[in-house]
Amino acid sequence: MLKPYKPAWMTEDLVQFNDSVRRFSKEYLEPNDIKWRQEKMASRDAWRKAGELGIILPDVPDTYGGSGGTPAHAAVVFWELGYSGNSGLALGLNHIVGHYILNCGTEEQKQRWLPGIASGEIVAAIAMTEPGTGSDLQAVRTRAERRGDSYVINGAKTFITNGQLCDVVIVVAKTDPALGAKGISLIIVDTNTPGFQRGKVLEKLGMEGQDTSEMFFDDCTVPADCLLGGHEGRGFYQLMEQLPFERAQLAIQASGAMTRALDLTVDYVKERHAFGKPLIDFQNTRFVLADVKATVTATRAFTDMVVQQWIDGTLDPVTASMAKFWCTERQCEVIDRCLQLFGGYGYMKEYPIARLYADARVQRIYGGANEIQRELVGRQL
Ligand SMILES: Cc1cc2nc3c(=O)[nH]c(=O)nc-3n(C[C@H](O)[C@H](O)[C@H](O)COP(=O)(O)OP(=O)(O)OC[C@H]3O[C@@H](n4cnc5c(N)ncnc54)[C@H](O)[C@@H]3O)c2cc1C
């Protein structure tokens, strides 16, 4: 028998925290998964429940309403979210936005937004992608023009997670189009501001429980102190600084999701019979699962290294990019091979393996397409 696995960074305190997140996931996220997919978003109540449990900003100081933990607490949440197979509650997004504000924001911005984000009262989004550009962030066309004490924002964004529910959105905009990357700024927009408009929820291949949407800014005028960190032209630098953490998060979720696929498949092949014996008794089944187990184990080891570096404050952008592209690609391979062992049932959305399969595909695209990650890694060699 394989020994139960516990990474070196997982202290006793974290084991308990992990148990409570797993319970929340089993008792609340999993039973609501199909409902949220049908409704194309999770309920507000789900956000509040996650806030009560302290899992939205687990690694933000309690002085800002967070749970005062470390990146290890965040890693536990992301891994369990991946394992849950629930696509509805996009906690990762609130975590990302929370950390932009924590690490780049002014004291006033932290006080204003972080407690509400941590409690689940405020749902957050980040709007980088536009209809005309995603990978090439320097080509964004959304304009934030300084007029007196305000910024007037005009432009359109698409594929924005939490697009319908969000109360606040960090917008990537050009404050000076002549300056290239140095002309990009991040603006914190309260979605009650006149001129902000939500488009429709987009129909997706997977992740149907997330309200991925278009959004429009039509002379949307916000006070100048909504500029993240208070410095114009720092947006590209702030993005480059924070994106590695988003990439680490996606790699950790990939590890959770593929472990779930393996667990579901092991159970299934023991129950399902063909030609008078359980599927596990075919050598092919055992060989596939042996390959999958090895890949799941290697992925976990890689992401544990990333988590350790995150905890130590040494996580570099190249390692985060490697983890993002490598783990999400292993996620897709593993889930595909597991699904095959379910036969036709693996194609039925009623079965979690089918939903894991559909949800996995986007992991190679968002958070920076995997080709972009390879560029970032290759450039350093
Ligand atoms: C479900 C979902 C949720 C999302 N959530 C958000 C969100 O919350 N906020 C947000 O801002 N965005 C979000 N996105 C957008 C996502 O980040 C972009 O789709 C992604 O960055 C790719 O941009 P693009 O779609 O414009 O593709 P493009 O930039 O047009 O690229 C298309 C393809 O071209 C290739 N390619 C591009 N550039 C290069 C290169 N330099 N070298 C080699 N190949 C290249 C890659 O294969 C890439 O996949 C989301 C997307 C999805 C599908």
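The rules we used
- Residues numbered from 1 in each chain as written.
- Predicted model: local features only at pLDDT ≥ 70, side-chain atom pairs only at ≥ 80, totals over all residues.
- Heavy atoms only, no water.
- Near = heavy atom within 4 Å.
- Polar contact = N/O pair within 3.5 Å; in protein donor to acceptor, adjacent residues only side chain to side chain.
- Areas by Shrake-Rupley, 256 points an atom, 1.4 Å probe, with all protein chains shown as cover.
- Helix = DSSP H or I, 4+ residues; strand = E, 2+ residues; numbered from the N terminus.
- Contact = heavy atoms within 4.5 Å.
- Domains from an automatic or database assignment.
- Buried area = accessible area lost by both parts, 1.4 Å probe.
- Axes fitted to C-alpha atoms, helices over the stretch in contact; angles between N-to-C directions.
- Parallel < 35°, antiparallel > 145°, perpendicular 65-115°, else oblique.
- Left-handed = near helix turned anticlockwise from the far one by under 90°.
- Nonpolar A, V, L, I, M, F, W, Y, C, P; charged D, E, K, R; others polar.
- 1 Å grid on protein atoms, 1.4 Å probe; cavity = no way out; pocket = protein on both sides within 12 Å on 5 of 7 lines; lining within 4 Å.
- Points joined across faces, edges and corners; volume = space filled by probe spheres on them.

Taken together, 18 residues are adjacent to the ligand, and Met128, Thr129, Ser135, Phe159 and Thr161 come closest. The separation between an oxygen atom of the ligand and a polar main-chain atom of glycine 134 is 3.1 Å. Here the ligand, which alone exposes 970 Å², has 65% of that area covered by the protein. Among the elements of the structure, β1 (124-127), β3 (150-160) and α10 (370-378) are those that each provide at least two residues to the shell around the ligand.

Let us now look at the environment of arginine 234. Checked against the element boundaries, arginine 234 lands in the loop between β7 (213-223) and α6 (235-271). Taking the C-alpha atoms as reference points, arginine 234 and alanine 181, separated by 53 residues in sequence, lie 8.6 Å from one another.

Moving on, we get to the environment of arginine 143. Tracing the sequence through the fold places arginine 143 in strand β2 (residues 143-147). A C-alpha to C-alpha distance of 48 Å links arginine 143 and leucine 264, two positions 121 residues apart in sequence. The contact partners of arginine 143, leaving out residues within four places of it in the chain, are Val152, Ile153, Asn154, Ala173, Lys174, Thr175, Asp176 and Pro177.

Considered domain by domain, the protein chain is made up of domain 1 (12-122), domain 2 (125-233) and domain 3 (237-379). Averaged C-alpha coordinates put domain 1 and domain 3 at centres separated by 21 Å. Between domain 1 and domain 3, the contact holds 21 residues from the first and 22 residues from the second. Interface of domain 1 and domain 3: buried area, both sides summed, is about 2,000 Å²; carbon and sulfur atoms make up 62% of it. Three residues stand out in domain 1 for area buried against domain 3, namely Trp79, Tyr83 and Tyr100, and they jointly supply 32% of the buried area on that side.

Before going further, it helps to spend a moment on the packing of helix α7 (residues 283-312) against helix α8 (residues 317-340). At a closest axis distance of 10 Å, the pairing of α7 and α8 adopts a crossing angle of 155°. Relative to α8, the element α7 is oriented roughly antiparallel. Classified by chirality, the crossing of α8 by α7 is left-handed. Within the contact between the two elements, α7 uses Val288, Asp291, Val292, Thr295, Val296, Ala298, Thr299, Phe302, Thr303, Met305, Val306 and Gln309 and α8 uses Thr319, Met322, Ala323, Trp326, Cys327, Arg330, Val334, Arg337 and Cys338. Split by residue class, the contact of α7 with α8 holds 13 nonpolar, 5 polar and 3 charged.

Note on placement: serine 25 falls in helix α1 (residues 12-39). For the pair serine 25 and glutamate 80, spaced 55 residues apart in sequence, the C-alpha to C-alpha distance is 7.5 Å. Non-local contacts of serine 25, meaning those with residues more than four positions away in its chain, are made with Glu30, Pro31, Glu80 and Ser84.

Before going further, it helps to examine empty space enclosed by the protein. Using the criterion set out here, one finds 4 cavities of 30 Å³ or more in the structure. Of the voids in this model, the largest cavity is the one considered here, and its volume is about 50 Å³. Lining of the largest cavity is provided by His95, Ile96, His99, Tyr100, Gln242, Phe245 and Glu246. Counting residues per element, the ones that place at least two in the lining of the largest cavity are α4 (91-104) and α6. The biggest single contributor to the lining of the largest cavity is α4, with 4 residues.

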